[in-house]
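Summary of structural features
As a plain string of letters, each chain reads:
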Amino acid sequence: MPTALDNWGCSHTCVLILFTGAVAGLFALSWGVSQEPKDLANIKKTFGLGVGPSYLDTFDVVGEDLKNTIYEEYFAYKKLTRQISEEETANYKKWYAGNECLAGCPSTCSVPFTCPYCKRGICWCTDKNPSTYGQCRTRKVFGDAEKYRKPALPPLPDFCYIRPHVLDDLQAHKPECQHKVEYPNVFDLETQTCDVADPGSCLDRDMNLICGETGTCQCRQDMRWNVDRMQCEVYLGVDCSDVSEVDMTSGSDYKKEKDFILGHQLFLPSTELDEYRVKTAYCNILEQHSKQHIKQKRGGREENSMFAVPGVIFFGAGCAFGFMWLLMIFGICRAFIRSFDPRNELNDMSNQDKIAALAAVAGQEMVERQQEKEDERRVALMQGQGV
């Protein structure tokens with residue numbers, strides 16, 4: 001007698017393979033589209049909780065208001081923890097409070113509309129033309145000439161150029177089309193001398209370099225020379241590596257310290273604050289800025305999210321197909337187990353097969369009864385002959 005598995009055909013196998021591939025493919029797509037590109041996965045946290053003193057990378061941190069806010073909060077932290085000397089106080093009153101910069105900012109720029117602007121005693125660049133090697137430049141790759149502040153090479157004869165500033169490869173082999181002067185890839189800030197009488201005599205090398213009393217160029221107040229970026233940058237000299245995250249909402253225990261840092265309350269010389277609580281509040285405020293910066297770098301996508309929106313869609317479709325696939329596998333297994341029980345054979349048969357089977361059984365019984373009658377007749381004959 002045929003069983004349920006006997007009705008299994010090639011079409012059933014194809015459907016099973018199709019569903020298996022669909023489930024595997026949808027889950028693979030869900031995982032694939034949720035993977036972060038390398039440039040997002042490798043975003044380095046440069047300030048905030050768990051980070052020591054660091055530079056405010058004005059090229060990387062987008063948002064002019066954000067950069068200015070971070071610097072103003074750092075100034076507030078120094079004031080609340082009384083880390084400002086008398087000389088720094090005088091400079092803050094003159095330049096920070098007056099919103100002016102010592103020697104001003106460069107007013108002549110190689111590219112129009114890329115000149116810096118002064119705010120809180122520091123020269124800043126716009127997001128469109130960020131600070132690169134000490135000057136506001138367009139967002140493109142610059143070479144060693146800008147990085148090491150090399151002077152311009154003497155011009156070559158006109159026939160050496162195919163167009164302005166572009167050498168003709170067909171003429172480059174000629175001695176007169178080759179520069180005889182080479183400048184080394186070196187720029188040591190400590191050896192940069194200047195005119196003490198002119199504080200702005202260093203601005204051609206960096207918009208935030210001013211001439212110090214010793215006749216050498218130095219970065220403006222609250223800035224340091226970043227060797228990696230080869231320019232002066234705001235230095236956030238607070239070690240937040242050992243500070244834990246705390247509640248900074250309006251009703252938290254750190255509301256008072258937060259209000260002082262943000263300037264919501266007036267700080268008086270007689271005001272007494274715990275230095276570590278101020279540091280904790282400042283580092284947590286800085287952490288909020290760091291999260292905002294990283295989220296912006298990630299295109300608005302939350303950090304450590306398991307699935308992106310397309311990934312959620314593919315995952316949901318995979319679950320739906322996976323549920324149907326499980327039902328299919330369950331049915332196959334159930335039919336396979338039932339096939340070992342003879343009692344289920346009749347239940348698994350069609351009505352036509354059942355009628356045919358019953359007819360076969362009836363026919364068999366009829367043949368057996370006829371055989372029995374024939375046997376009885378023979379026995380009777382044999383008994384009669386014996387008499």
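That block above? That's the structure.
Structure report, in brief.

So, how was this worked out
- Residues numbered from 1 in each chain as written.
- Predicted model: local features only at pLDDT ≥ 70, side-chain atom pairs only at ≥ 80, totals over all residues.
- Heavy atoms only, no water.
- Helix = DSSP H or I, 4+ residues; strand = E, 2+ residues; numbered from the N terminus.
- Buried < 20%, exposed > 50% of the residue type's maximum accessible area, 1.4 Å probe, protein only.
- Contact = heavy atoms within 4.5 Å.
- Areas by Shrake-Rupley, 256 points an atom, 1.4 Å probe, with all protein chains shown as cover.
- Pairing = 2+ DSSP bridges.
- Core = buried A, V, L, I, M, F, W, Y, C linked by side-chain atoms within 4.5 Å.
- Arc of directions from axis to C-beta.
- Phe/Tyr/Trp six-rings, centres within 6.5 Å; stacked < 30°, edge-to-face > 60°.
- Lys NZ or Arg CZ within 6 Å of the ring centre and 35° of its normal.
- Disulfide = S-S within 2.5 Å.
- Patch = residues over 30% accessible without salt bridge, like charges linked within 9 Å, V, L, I, M, F, W, Y side chains within 5 Å.
- Salt bridge = Lys/Arg side-chain N within 4 Å of Asp/Glu carboxyl O.
- Lys, Arg positive; Asp, Glu negative; His and termini not counted.
- Charge placed at Lys NZ, Arg CZ, Asp CG, Glu CD.
- Polar contact = N/O pair within 3.5 Å; in protein donor to acceptor, adjacent residues only side chain to side chain.

The subject of this paragraph is the overall build of the protein. Looking only at helices and strands, one finds 10 helices and 11 strands in the protein. Burial statistics for the protein: of 387 residues in total, 34% are counted as buried. For the protein, long-range pairs separated by at least 24 residues make up 60% of all intrachain contacts whose partners lie at least 6 apart in sequence. When the accessible surface of the protein is totalled, it reaches about 24,300 Å², and 57% of it is carbon and sulfur.

Moving on, we come to the pairing of strand β11 (residues 231–236). The buried fraction of β11 is high, at 6 of 6 residues. Of the pairings in the sheet, the one linking strand β1 (residues 54–55) to β11 comprises 2 bridges and is antiparallel in character. Opposite Ser54, over in β11, you have Leu236 as the bridge partner. Direction of pairing for strand β10 (residues 223–226) relative to β11: antiparallel, over a ladder of 4 bridges. Counterpart to Asn226 in the pairing with β11 is Gln231.

Taken together, 3 strands build an open sheet; the order of strands is β1-β11-β10 and the sheet is antiparallel. Where the open sheet ends on each side, the last strands, each with one partner, are β1 and β10.

Moving on, we get to the nonpolar core. Counting residues in each nonpolar core, the largest one holds 48 residues, and the members touching the most others are Leu209, Trp225, Val234, Leu236, Ile261 and Tyr282. A total of 8 residues in this core trace back to one element, the largest contributor, which is helix α3 (residues 64–80). In contact with Val234, other than residues within four places in its own chain, are Ser54, Tyr55, Leu56, Tyr71, Ile122, Trp124, Asp222 and Met223. Core analysis: the second largest hydrophobic core is formed by 6 residues, Cys105, Cys123, Cys136 and Met207 among them.

Along helix α4 (residues 86–96), the residues that are buried comprise Tyr92, Trp95 and Tyr96. Axial view of α4: buried residues confined to an arc of 95°, hence all on one face. In this structure, α4 carries Glu86, Glu87, Lys93 and Lys94 as exposed residues pointing more than 90 degrees from its buried face.

What follows concerns the packing of aromatic side chains. All chains considered together, the criterion is met by 9 aromatic pairs. The structure contains a cluster of three or more aromatic residues connected by ring pairs, namely Tyr71, Phe75, Tyr92, Tyr96 and Trp124. Sitting over the face of the ring of Tyr96, Arg120 holds its NZ or CZ atom 4.6 Å from the ring centroid. Cation over ring: Arg277 sits above Tyr254, and NZ or CZ is 4.3 Å from the ring centre.

On to the state of the cysteines, then. In a disulfide, the sulfur atoms of two cysteines are covalently bonded to one another. Across all of its chains, the model carries 8 disulfides by this definition. Note on cysteine connectivity: Cys105 is disulfide-linked to Cys123, with sulfurs 1.9 Å apart. Around the S-S axis, the bridge from Cys105 to Cys123 shows a dihedral of about -100° and counts as left-handed. You can see Cys105 sitting in the loop between α4 and β2 (117–119) and its partner Cys123 sitting in strand β3 (residues 122–124), a full 18 residues away along the chain. Across the pair, exposure class does not vary: Cys105 and Cys123 are buried alike. In this model Cys219 forms its disulfide with Cys232; the gap between the sulfur atoms is 2.1 Å. Between Cys219 and Cys232 the sulfur-sulfur dihedral comes to about -80°; the bridge is accordingly left-handed. Of the two residues, Cys219 is situated in strand β9 (residues 217–219) and Cys232 in strand β11; the sequence distance between them amounts to 13 residues. Take Cys232: its relative accessible area is 4%, and that puts it in the buried class.

A contiguous patch of negative charge on the surface is contributed by Glu365, Glu368, Glu372, Asp375 and Glu376. Summarising the element assignment, Glu372 is placed in helix α10 (residues 351–386).

Glancing now at the environment of Glu287. Within the fold, Glu287 resides in helix α7 (residues 275–297). Residues Glu287 and Gly50 lie 237 residues apart in sequence; the distance between their C-alpha atoms is 9.2 Å. Apart from residues lying up to four places away in sequence, Glu287 is in contact with Lys45, Gly48 and Leu49.

Let us now look at a nonpolar patch on the surface. A grouping of Phe321, Phe323, Met324 and Leu327 is seen on the molecular surface, where their side chains present a nonpolar patch of about 380 Å² in accessible area. With a relative accessible area of 47%, Leu327 lands in the partly exposed category.

Considering the arrangement of structural elements, one finds Asp195 in the loop between β7 (166–167) and β8 (209–211). For Asp195, a relative accessible area of 43% corresponds to the partly exposed category. Asp195 sits 16 residues away from Cys211 along the chain, and the two C-alpha atoms are 6.7 Å apart. Those residues in contact with Asp195 that lie beyond four places of it in its chain are Ser201 and Cys211. For Asp195, the side chain forms a polar contact with the main-chain nitrogen of Ala197, separated by 3.1 Å.

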